[in-house]
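Structural overview for review
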Amino acid sequence: MLDAIHLPPNYTVKPKSLEGRVIVVTGATAGLGRAAAIAFASAGATVVLHGRNQAKLDALYDLIEALPAPQPAIMQLDFLKATQAELDAFAQAIEAKLGRIDGIFHGASHFSPLMPLAMQNLDIWLQHSRVNLAVPAALTKACLPMLLAAPDASVIFLTETHALMPTAYWAPFAPVKSSLDSMVATWQSELPKPCNLRLNVLLPGPISSPFRGKTHPGEAQTATPNVDSLCPAFLFLMGEDSAGLAAKVLHCT
């Protein structure tokens, strides 16, 4: 298991701290992915926006383009159906257009309604395993040469509280997410030493987001912090100030 540490509640983030970097954000059109994409762009990064819905991607593209930020790029791909060849092409298209990748924020996720394990079938398990574990691993693999070539690179995988503290009805989402710990520990140990690339698992904690709206439908949105409250942590972990912080489970709260 990875060591767990709690991140400080506040950071002093330098203006344009990600200037010159290219950062891929999967699941960029909603929730934590959207907040991260806007924060990275505002900090000077060229953000590659991934999602399934073209209209939502276009709307986010227009929002970022209206900011004092570099022009983003769009990569539309359905992770439920993606093949390794498509993920390789995803990385190759970024290299051809932008020439580099300095970070990946794995914000895309798949979630089905909470129910007992006795009601889960193979298709549900495979969908969760594909989007929440296998595709993030395969996309990172496709981008690995560019990440290793970057002077300072960071990959962030998102986990969830129930992955660390198993609770009834949270399978298969939580068991699949719990596998990220083992994957990151294994991968970081396989990288060359010293290495400019760090991989970490981030636990956001209770956050008012579309995801939490599904799992806690009766909860007032004001009961938990909003997604933007995590942006300083996202910027810290994606920037040079977190260099050397690798193979950890990072708690935001």
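What comes next is a walk through the structure. All values reported here derive from a predicted model rather than from experimental measurement.

What follows covers the overall build of the protein. Summing up its helical and strand segments, the protein has 8 helices and 8 strands in all. Burial statistics for the protein: of 253 residues in total, 51% are counted as buried. Residue pairs in contact within the protein that sit at least 24 positions apart in sequence constitute 74% of those at least 6 positions apart. Total accessible area on the protein stands at roughly 11600 Å², and carbon and sulfur atoms take up 58% of it.

Attention now moves to the pairing of strand β5 (residues 103–106). Burial along β5 is two-sided: the residues Gly103 and Phe105 and Ile104 and His106 are all buried. Where strand β2 (residues 22–26) and β5 come together, 4 bridges link them in parallel fashion. Within β5, the position partnered with Ile23 by the bridge is Gly103. When β5 meets strand β6 (residues 153–158), the two strands line up parallel, connected through 4 bridges. Bridge assignment links Ile104 to a residue of β6, and that residue is Val155.

Attention now moves to the sheet that holds strand β4 (residues 73–76). Backbone-to-backbone hydrogen bonds pair the strands of a sheet. The strands run either parallel or antiparallel. Within the open sheet, the 8 strands sit side by side as β1-β8-β7-β6-β5-β2-β3-β4. Their pairing is parallel. Because the sheet does not close on itself, it has two edges, and the strands there are β1 (3–6) and β4. Each adjacent strand pair in this sheet contributes to an overall mean axis angle of 20°, direction not counted. Both β2 and strand β3 (residues 46–51) contribute to a ladder of 4 bridges, which runs parallel. By the bridge assignment, Ile23 is partnered in β3 with Val47. The strands that helix α2 (residues 54–65) touches are β3 and β4; relative to β4, the one it contacts most, it runs at about 165°.

Another point: the environment of Val131. In this fold, Val131 is placed in helix α4 (residues 122–149). Residues Val131 and Phe79, spaced 52 residues apart in sequence, show a C-alpha to C-alpha distance of 5.8 Å. In contact with Val131, not counting residues within four places along its chain, are Phe79, Leu80, Ala108, Ser109, His110 and Pro136.

A word on unusual backbone geometry. With an omega of 5°, the peptide bond running from Ala171 to Pro172 counts as cis. Within the fold, Pro172 resides in the loop between α5 (161–164) and α6 (173–190). Of note, the bond from Lys193 into Pro194 is cis; its omega dihedral lies within 30 degrees of zero at -10°. Note that Pro194 resides in the loop between α6 and β7 (197–203). One non-glycine residue, Lys16, adopts positive backbone phi at about 55°. On the secondary structure map, Lys16 appears in the loop between β1 and β2.

One can describe the packing of helix α1 (residues 31–42) onto α2 by two numbers: an axis separation of 10 Å at closest approach and a directional angle of 30°. The orientation of α1 relative to α2 falls into the category roughly parallel. Classified by chirality, the crossing of α2 by α1 is right-handed. For the pair α1 and α2, contact is made by Arg34, Ala37, Ile38 and Ala41 and by Leu60, Leu63 and Ile64, respectively.

Rules used throughout
The written sequence of each chain sets the order in which its residues are numbered from 1. Given that the model is predicted, a residue must reach a pLDDT of at least 70 before its local features are reported, and side-chain atom pairs must reach 80 or more before they are shown or counted; all residues, however, enter totals for whole chains, interfaces and linings. The basis for the side-chain values is all heavy atoms of the structure; hydrogens and waters are excluded. Only DSSP runs of H or I reaching four residues or more are called helices, and only runs of E reaching two or more are called strands; each is numbered from the N terminus. Partly exposed describes any residue whose relative accessible area lies between the buried limit of under 20% and the exposed limit of over 50%, with all areas from a 1.4 Å probe on protein chains only and scaled to the type maximum. Throughout, a contact is declared for two residues whenever any of their heavy atoms are within 4.5 Å. Method for areas: the Shrake-Rupley scheme with a 1.4 Å probe, in which residue coverage is limited to the protein chains shown. Two strands qualify as a pair provided that DSSP identifies no fewer than 2 bridges between them. For every element, the axis is a line fit to its C-alpha atoms; helices are fit only across the contacting stretch, and the angle between N-to-C directions ranges from 0 to 180 degrees. By the definition adopted for this analysis, an angle is roughly parallel if under 35 degrees, roughly antiparallel if over 145, roughly perpendicular if from 65 to 115, and oblique otherwise. Crossings are classed by handedness, with left-handed meaning an anticlockwise turn of the near helix from the far one by less than a right angle and right-handed meaning a clockwise turn.

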